[in-house]
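# Architecture at a glance
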Amino acid sequence: MNEPLLLGLLAGITIFLGLPILALNKLKEKQMILTIFACGILIFLLVEIVAHAFEEIEEEIENALEKKISVIPALTTISLFLISLTVMMLAFALFEETFFKAQKTDEQKAFIQALLIAISIGVHNLSEGLLIGNSYSQGATRFALFLAIGFAIHNATEGFAIFTPLKITLKNMKKLLALGAIGGLPTLFGAWLGTMFHSVSALIVFSGIASGGLVYVIWQILAHIKEGNKIHTTTMLAAGFVFTALTELFLEISEHL
Ligand SMILES: [Zn+2]
C-alpha cells in the first residue's frame, strides 16, 4: 500500500477503539449518560467544522474585497456550504420518515441513530482524508503525517460517539464493524482522492454535508433524552464537549512543539 493511503488508514482506523472501551464498561445503566457525553463530542465537532468552513469563506470574501475582484466566487462558496447543510438535514429527515417510520423497537431506533451518526462522521472524515492526500501530493509529507496522527487521535473520540447508542456484543459485531467502516474508513478513500485533486469547493461541500448531518443527529439525541436530573445531564454534555476541545487543543499544541 502506498504512503498516503497508509496515512489515511491510520487516521481513520482508530474509530474502532471505541468498541473495546465501551465493551469493557458494563454500561446498561450508564447508557443514557454516555449518550449525552457522546452528544457533547458531536456538538464540539459541529462547532469545529462550521468554524473551519467559515474561516475559509471569510478569507475568500476579504481577499476579493481587498483585491477589488468579483465576490461572486466567494458567495458561491458560502451558498455551497449552506445548500449542502440544508440538503443533508432534509435527506436524513426523509430517510427516517420513509424507511424507518415503522421501526419501533429500541434496538432498531438505536441502530438508526448510530447509522446516521456514522454517515455524518464518515463525510467529515472524507474531507480529513482529502487534506492528508493534498498535503502529501504537494510534498508536505511531514505535515501529512502530523495531520494523520492528529486525526487518528480525534477520530477515536468519534468512534465513541458512533458506538455509544448500541449494545456491544459479539452477535452485533458485524453491524458494529460496518458502522465503524462507514464512519472511519472514508479517510482512506479521501487520502487517495486527495493525491489526485485539490478542491476547496469539495472540502466546503463535505463540511456542509457533515454539519447538516450533525445538526440533525444532535437534535435527535437531545429530543430523546428522558427527563432526569438536569445537573447530571448538563454536566455530562459539558464533559463531552470539554473532553473533545481539550483533545484538539493538545493536538494543536503538540503540532507546534
Ligand atoms: Zn474526524
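First, a word on what this report is: a plain description of the structure on this page. Values in this document were obtained by computation on a predicted structure and should not be read as measured data. (Residues numbered from 1 in each chain as written. Predicted model: local features only at pLDDT ≥ 70, side-chain atom pairs only at ≥ 80, totals over all residues.)

## Comments concerning the overall build of the chain
The helix and strand tally for the chain stands at 10 helices and zero strands. Traced from its N-terminal end to its C-terminal end, the chain shows the element sequence α-α-α-α-α-α-α-α-α-α. Taking 257 residues into account, the globule formula puts the C-alpha radius of gyration at 18 Å, and the chain, at 19 Å, falls close to it. The buried share among the 257 residues of the chain stands at 43%. For the chain, long-range pairs separated by at least 24 residues make up 88% of all intrachain contacts whose partners lie at least 6 apart in sequence. (Helix = DSSP H or I, 4+ residues; strand = E, 2+ residues; numbered from the N terminus. Rg over C-alpha atoms; globule rule 2.2 N^0.38 Å. Buried ≥ 20, exposed ≤ 12 C-beta atoms within 10 Å, placed from the backbone. Contact = placed C-beta atoms within 7 Å.)

## As for the packing of helix α5 (residues 106-137) against helix α9 (residues 200-224)
Between α5 and α9, the shortest axis-to-axis distance is 9 Å and the interhelical angle comes to 155°. Accordingly, the angle class assigned to the pair α5 and α9 is roughly antiparallel. Along this stretch, α5 crosses α9, giving a crossing that reads as left-handed. For the pair α5 and α9, the contacting residues are Q113, L116, I117, I119, S120, V123, H124, L126, S127 and L130 in the first and A202, L203, F206, S207, I209, A210, G213, L214, Y216, V217 and Q220 in the second. A per-class count over the contact of α5 with α9 returns 14 nonpolar, seven polar and no charged. (Axes fitted to C-alpha atoms, helices over the stretch in contact; angles between N-to-C directions. Parallel < 35°, antiparallel > 145°, perpendicular 65-115°, else oblique. Left-handed = near helix turned anticlockwise from the far one by under 90°. Nonpolar A, V, L, I, M, F, W, Y, C, P; charged D, E, K, R; others polar.)

## Topic: helix α1 (residues 3-13)
Here α1 has its buried residues at P4, L7, G8, A11 and G12. Buried residues of α1 fall within an arc of 125° about the axis and therefore sit on the same side. On its buried face, α1 sits against α5, α6 (141-163), α7 (173-184) and α8 (186-194). (Arc of directions from axis to C-beta.)

## Some words on the nonpolar core
The tendency in soluble globular proteins is for nonpolar side chains to be buried side by side. Core analysis: the biggest nonpolar cluster contains 67 residues, and L42, A114, A118, I132 and I162 have the highest contact counts within it. Ranked by the residues each element gives to this core, the list is headed by α5, at 14 residues. Once residues lying within four places of it in the same chain are set aside, the contact partners of I132 are P4, L7, G8, A11, A144, L147, A148, A191 and G194. (Core = buried A, V, L, I, M, F, W, Y, C linked by C-beta atoms within 7 Å.)

## Here we look at the packing of α1 against α6
Packed helices, taken two at a time, are described by their axes: the angle between them and the distance between them. The N-to-C vectors of α1 and α6 enclose an angle of 25°; their axes lie 6 Å apart at closest approach. If you check the angle between α1 and α6, you find them roughly parallel. Along its contact with α1, which presents P4, L7, L10, A11 and G12, the element α6 presents A144, L145, A148, F151, A152 and N155. A breakdown of the residues in the contact of α1 with α6 according to their chemical character gives nine nonpolar, two polar and no charged.

## Description of the environment of V50
Topologically, V50 is positioned in helix α3 (residues 31-66). Among the residues examined, V50 registers 18 C-beta atoms within 10 Å and is labelled partly exposed. For V50 and S120, which are 70 residues apart along the polypeptide, the C-alpha to C-alpha distance reads 13 Å.

## Section: unusual backbone geometry
Phi at K68 takes a positive value of approximately 50°, unusual for a residue other than glycine. For K68, the location among the structural elements is in the loop between α3 and α4 (72-99).

## A look at the environment of A210
Structurally, the position occupied by A210 is in helix α9. Between the alpha carbons of A210 and L85 there is a distance of 7.3 Å; along the sequence they are 125 residues apart. For A210, the contacting residues outside a window of four places in its chain are I49, S120, V123 and H124.

## A look at the environment of A114
Looking at the element boundaries, A114 is found in helix α5. Residue classification places A114 among the buried residues on the basis of 22 C-beta atoms within 10 Å. Look past the residues within four positions of A114 in its chain and what remains in contact with it is I162, F163, P165, L166 and L179.

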